[in-house]
Number of protein chains: 2
Amino acid sequence: MEIIRSAAEMRSRAKYFKRSGRRIGFVPTMGALHEGHLSLMRLARTRSGVLVTSVFVNPSQFGSNEDLEAYPRDFARDEALCRKERVDVLFAPGPEDVYASDHSTWVEETSLSAGLCGAARPGHFRGVCTVVAKLFNLVRPDVAVFGEKDAQQLRVVERMVRDLGFPVQILRGPIVREPDGLAMSSRNRLLSPRERRDALCLRRALTRAEALTADGERSAAVLREAMEGEIRSVSGASIDYVALVDDVSLKPVERVEGPTLAALAVRFGATRLIDNVVLEA
Amino acid sequence: MEIIRSAAEMRSRAKYFKRSGRRIGFVPTMGALHEGHLSLMRLARTRSGVLVTSVFVNPSQFGSNEDLEAYPRDFARDEALCRKERVDVLFAPGPEDVYASDHSTWVEETSLSAGLCGAARPGHFRGVCTVVAKLFNLVRPDVAVFGEKDAQQLRVVERMVRDLGFPVQILRGPIVREPDGLAMSSRNRLLSPRERRDALCLRRALTRAEALTADGERSAAVLREAMEGEIRSVSGASIDYVALVDDVSLKPVERVEGPTLAALAVRFGATRLIDNVVLEA
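Just so it is clear, the model here is predicted, and its values are computed rather than measured.

About the cut-offs
- Residues numbered from 1 in each chain as written.
- Chains lettered and ligands numbered in written order.
- Predicted model: local features only at pLDDT ≥ 70, side-chain atom pairs only at ≥ 80, totals over all residues.
- Axes fitted to C-alpha atoms, helices over the stretch in contact; angles between N-to-C directions.
- Helix = DSSP H or I, 4+ residues; strand = E, 2+ residues; numbered from the N terminus.
- Parallel < 35°, antiparallel > 145°, perpendicular 65-115°, else oblique.
- Left-handed = near helix turned anticlockwise from the far one by under 90°.
- Contact = placed C-beta atoms within 7 Å.
- Pairing = 2+ DSSP bridges.
- Buried ≥ 20, exposed ≤ 12 C-beta atoms within 10 Å, placed from the backbone.
- Domains from an automatic or database assignment.
- Nonpolar A, V, L, I, M, F, W, Y, C, P; charged D, E, K, R; others polar.
- Least-squares fit on C-alpha atoms with pLDDT ≥ 70 in both.

## Describing the packing of helix α9 (residues 200–214) of chain A against helix α10 (residues 220–232) of chain A
Geometrically, a packed helix pair is captured by the angle between its two axes and the distance between the axes. All names here are of chain A. Following both chains from N to C, one finds α9 and α10 inclined at 150°, their axes separated by 8 Å at the closest point. With respect to their mutual orientation, α9 and α10 come out roughly antiparallel. The crossing of α9 and α10 is right-handed. Across the interface between the two elements, C201, R204, A205, R208, A209, L212 and T213 from α9 touch L223, A226, M227, E230 and I231 from α10.

Here is the structure:
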């Protein structure tokens, strides 16, 4: 496995891969890798001849009051996991290699980014779009994989790719869960044992919404109330949002009539977790 | 010469060119081609194996009160000129092929875009950056040429390419002038005979600033006053801006101490013209 630390070197390797006709698969990450990331790498591997993973904790997608400093970092472990997955290139630039001191160009998606996490985290998706656009330009992937756990991010990136015509196919990687149902996340390791148990209410809420929908319930208000009930039953959980939105436009729905994204963001102590499921009417 | 009307077809041609190892040169235009554009094509030709020119009057870079409708269009003539220049691909998409009805992604440069034409035309450079990013992704040029007449646009595009890491080399094409000194522009054809004569004050103002600088004048206020005097001597000219800015940061300077961009925008009737020169101390 090749470890590349500079944008210039990544650019020149990508050029070489392109010239030699190899199909580039790409999994961008913020490190602190877990089984969810590894599943994305395996999916990318099936669709490409050379597999590039990036590890970059992107400062521009964190708000000034958010957990940039606390975000878990463990490069030695990440590197070992990438080797095990037979990653060909691990691209791990420093912040100053991605953002010049006078960086002044931003990519912003203005519709799908507006609600859900975008409402709670102003500027977050601007940071995501900007860094993903830059990584795409440096790595030049044919195919890139994003996880469904970050449902809004996935749809925002897909929209950016469509609108700006990036020559990249986006694949969706299914959510990977712990045996007890908690969606894997780098932030899970920030939870205390108590918070870790409390966090199971996320999956319970989504399962409840799925069961009610399967039984014929179509009212978004009823479904949301049921999900909120599951979360409120846990004293340490603080709701950021519980939403039912159209799966394409991400606009709130009143009734589940087409594919509907049930998404939630809940705080457990200082840690904010998200999870989601797509409900089918 | 191949004429391509759809983004999908352009994308697939670009992929073919890349695979066959040809170096793509690109000159994006809004059509109404003149000798200035042709000089950019000749420059691109010297640096590439296949030459792509686009003709697209980009609605998103016009303000709602600007001259989108009046902007000159003459595709038959543009096509003939491109053939004469041995352009390989003329890419002329329709607006709906570049902007989906629910387009929601924008590329914005926030520092160099702030003053000069950006101050006079809010949203203009956001439109420019967005369409240039999209054209780069569809055409995938190795080298792209932009004219120095649009000095701020050139610097904003260079910054965007640096910040987002586009794998494109930007070349600067020198200003091409009419025999009497007027910088070539598609908008020149909108001038009445009287306005066409009046417009010569632009070049006179810049020549004056150059001569004063060569004589040792360093005060931006004195130079600006001299330039404004040349323009005010013409009754039909209405100043939008006359500016002396640092050639890299585009921030106003008080003294000409390094490379300094002398830039002006002046209205003649309904037509707004720009011109510039770089003063060297």
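## A few points about the sheet that holds strand β2 (residues 24–29) of chain A
Residue and element names in this part refer to chain A. With parallel pairing, the six strands of this open sheet are ordered in space as β1-β4-β3-β2-β6-β7. The sheet is open, and its two borders are formed by β1 (2–4) and β7 (169–173), each paired with just one other strand. Mean inter-strand twist for the sheet, computed between neighbouring axes without regard to direction, equals 25°. In terms of strand pairing, β2 meets strand β3 (residues 50–55) through six bridges, oriented parallel. In the sheet register, F26 faces β3, and the bridge partner there is V52. Most of the contacts of helix α2 (residues 35–46) go to β2, to which it runs at about 165°, and overall it touches β2, β3, β6 (143–147) and β7. Sitting on the sheet, helix α6 (residues 124–139) is in contact with β2, β3 and β4 (89–91), with an inclination near 150° to β2.

## Details of unusual backbone geometry
All names here are of chain B. For L116, which is not a glycine, the phi torsion comes out positive at approximately 45°. You can see L116 is positioned in helix α5 (residues 116–120). For L116, a count of 26 C-beta atoms within 10 Å translates into the label buried. The phi dihedral of R140 is positive, around 50°, even though this residue is not glycine. Among the structural elements, R140 can be located in the loop between α6 (124–139) and β6 (143–147).

## Topic: the domain arrangement of chain A
All names here are of chain A. Each assigned domain of chain A is listed here: domain 1 (2–173) and domain 2 (186–276). Centre-to-centre separation of domain 1 and domain 2, based on C-alpha positions: 26 Å. Taken together, the contacts link 13 residues of domain 1 with 13 residues of domain 2. Mapped onto the side of domain 1 that touches domain 2, the elements with two or more residues apiece are α5 (116–120) and α7 (151–164). In terms of residue class, the side of domain 1 that touches domain 2 is built from nine nonpolar, three polar and one charged.

## Some remarks on the relation of the copies chain A and chain B
Of the transformation superimposing chain A on chain B, the axial component is 0.0 Å and the angular component is 180°, with the fit at an RMSD of 0.0 Å. Taken together, the rotation and translation describe the operation of a two-fold axis. No C-alpha of chain A approaches the rotation axis more nearly than that of V107(A), which lies at 2.2 Å. A share of 100% of the interface residues of chain A reappears at the interface of chain B, consistent with the copies meeting face to face through the same patch.

## Observations concerning the interface of chain A and chain B
Taken together, the contact pairs 28 residues of chain A with 28 residues of chain B. Secondary-structure elements contributing two or more residues to the side of chain A that touches chain B are α1 (7–19), β5 (105–109), α6 and α7 of chain A. Per-class residue counts for the side of chain A that touches chain B are eleven nonpolar, seven polar and ten charged. For β5(A) and strand β5 (residues 105–109) of chain B, the ladder comprises five bridges, and the chain directions are antiparallel. Bridge assignment links E108(A) to a residue of β5(B), and that residue is W106(B).

## Here's the deal with the sheet that holds β6(B)
Residues and elements named next belong to chain B. Spatial ordering of the open sheet is given by β1-β4-β3-β2-β6-β7, a layout of six strands whose pairing is parallel. For this open sheet the edge positions go to β1 (2–4) and β7 (169–173), each flanked by a neighbour on one side alone. In this sheet, neighbouring strand axes are inclined to one another by 25° on average, regardless of whether the strands run parallel or antiparallel. Pairing of β1 with strand β4 (residues 89–91), which is carried by three bridges, proceeds in the parallel orientation. Looking at the pairing, E2 lines up with V89 of β4. Contacts between helix α7 (residues 151–164) and the sheet are confined to β6 and β7, with β7 contributing the most and set at about 170° to the helix.

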